[in-house]
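# A closer look at the structure
Chain residues, written in single-letter form:
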Amino acid sequence: KKLLIIGPCINKTKSDNTGGIIVLFENLKKVLNNKNIDYILVDSNKNNYSNKLYAYISILYNLSKKIKNTNHISMHGTINDYLYIGPYIFLLSKIFGIKFSLRKFAGNFDIFLKNTSLINKKLIIFLLRKSNYNFFETKYLVDFFNIYNKNTYWFPNVRFNSKISTLINSNYSKRFVFMSHIRDSKGVDKILKASELLSKDYTFDFYGKILDEKYTKKYFKQYQNCKYYGALGHDEILDVLKNYDVILLPSIETEGYPGIIIEGYSLGIPVITTNLRGPSEIVVNNKTGILIPPNDVTALCSAIESINKENYKQYSKNALYAFNKFDSIKCTNDYIKKIKSSTNEN
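These figures come from a predicted structure and were not determined experimentally.

Each value, and the rule that gives it
- Residues numbered from 1 in each chain as written.
- Predicted model: local features only at pLDDT ≥ 70, side-chain atom pairs only at ≥ 80, totals over all residues.
- Heavy atoms only, no water.
- Helix = DSSP H or I, 4+ residues; strand = E, 2+ residues; numbered from the N terminus.
- Rg over C-alpha atoms; globule rule 2.2 N^0.38 Å.
- Buried < 20%, exposed > 50% of the residue type's maximum accessible area, 1.4 Å probe, protein only.
- Contact = heavy atoms within 4.5 Å.
- Areas by Shrake-Rupley, 256 points an atom, 1.4 Å probe, with all protein chains shown as cover.
- Lys, Arg positive; Asp, Glu negative; His and termini not counted.
- Charge placed at Lys NZ, Arg CZ, Asp CG, Glu CD.
- Axes fitted to C-alpha atoms, helices over the stretch in contact; angles between N-to-C directions.
- Left-handed = near helix turned anticlockwise from the far one by under 90°.
- Nonpolar A, V, L, I, M, F, W, Y, C, P; charged D, E, K, R; others polar.
- Salt bridge = Lys/Arg side-chain N within 4 Å of Asp/Glu carboxyl O.
- 1 Å grid on protein atoms, 1.4 Å probe; cavity = no way out; pocket = protein on both sides within 12 Å on 5 of 7 lines; lining within 4 Å.
- Points joined across faces, edges and corners; volume = space filled by probe spheres on them.

Another point: the overall build of the protein. Regarding its fold elements, the protein presents 15 helices and 12 strands. In terms of overall dimensions, the protein is globule-like: its C-alpha atoms have a radius of gyration of 21 Å, near the 20 Å expected for 346 residues. With respect to the principal axes defined by its C-alpha atoms, the protein has extents near 65 × 40 × 35 Å. Counting the 346 residues in the protein, one finds 54% classified as buried. Partitioning the contacts of the protein with sequence separation of at least 6, the portion at a separation of at least 24 is 70%. On the protein, roughly 16100 Å² of surface is accessible, and the fraction owed to carbon and sulfur atoms is 51%. Side chains of the protein give 49 positive and 29 negative charges; the mean places of these two sets differ by 8 Å.

What describes two packed helices is the angle between their axes and the distance between those same axes. Running from N to C, helix α8 (residues 188-197) and helix α13 (residues 297-306) point in directions that differ by 60°, and their axes come no closer than 9 Å. Helix-helix and strand crossings are classified by hand; for α8 and α13 the assignment is right-handed. Within the contact between the two elements, α8 uses Lys190, Ile191, Lys193, Ala194 and Leu197 and α13 uses Val297, Leu300 and Cys301. Taken together, the residues that form the contact of α8 with α13 break down as six nonpolar, no polar and two charged.

Scanning all chains against the criterion turns up 10 salt bridges. The residue Asp110 makes a salt bridge to Arg277 at a minimum N-O spacing of 2.7 Å. Placement of the pair is Asp110 in helix α5 (residues 109-115) and Arg277 in the loop between β11 (271-274) and α12 (279-282), with a sequence separation of 167 residues. A salt bridge links Asp239 to Lys242; the shortest N-O distance between them is 3.7 Å.

It is worth spelling out the side chain of Glu137 at this point. By the element assignment, Glu137 lies in the loop between β5 (133-136) and α7 (139-145). Those residues within four positions of Glu137 in sequence are excluded, and the remaining contacts are Leu24, Lys104, Phe105, Ala106, Trp154, Phe155, Pro156, Asn157, Gly256 and Tyr257.

All chains considered together, the criterion is met by one cavity of 30 Å³ or more. Considering only enclosed or pocket space, the largest cavity measures out at about 30 Å³ in volume. Along the walls of the largest cavity sit Lys190, Pro250, Thr274, Ile292, Pro293, Pro294, Asn295, Asp296 and Leu300, which together make up its complete lining. Its residues assigned to classes, the lining of the largest cavity comprises five nonpolar, two polar and two charged.

Keep in mind these numbers describe shape, not what the thing actually does.
Encoded structure:
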């Protein structure tokens, strides 16, 4: 029998509209395909259905239809997937005597659990207790949730090895880049303000989908050494990113492990980011990058100025080495071993 995986596949009509969780699930599928692991797929990307109601009906129908050919259900999901698909997975697992595992994307699940309704809280805790394995993106979530299930493991945000390294040409040229959603909560204004306080031989380029309306090309043109280049497709990121020295991501709001940091590591590119709980787990201060307090333009300027031709090469080497922990093949292999051990117990 086969492994059944549920997760968000790439958007069928807008393949360039690919968020981080879709990238992660597509990476999982690639590794399974490369290892010739036969699996059954149920797509949980609601945008690939005519509407949300039809999406949930189709997902539950497909689970019911395909359940007899599997010995393990593995859900890679969002909060809504836990609430609306998770209970049905548990029900099927009891009826057909098969095991299931849950993987949660992103890094705010503990905050959601603390603030949600009592019914949602009880439902999620019930599912986590009954699951054979639980996987979380961050170590702080593993620590938080392992009280409900001892089989709780780390499955971080991952990327494939780029096979390109800026170490080949690690000459530092004061080229800084921001690649994320263009919004104030990501620290865009902090970079713009810092650019005014620094010498004009620094360049700051911005890529990403604009989510806060105030940001326009005209808005960026107010700043002499800053340029906005629009959004990138996921397959364009590395080719553009390799032209820069340092990633800037001075986020204000808490998040899990930003994918752009891991993509930067795959190229040997260090990062300056804020010491929020997610980034501070994957950035070693003054080694793979620099951690600064949120909302601190002065600290951002100091961090930018502290990187120079003398120390850049070591930052780059450290960043490239740090990527090993987030290699998609390695991390997915660890996940597969655990899933296989579960099915072998039957």
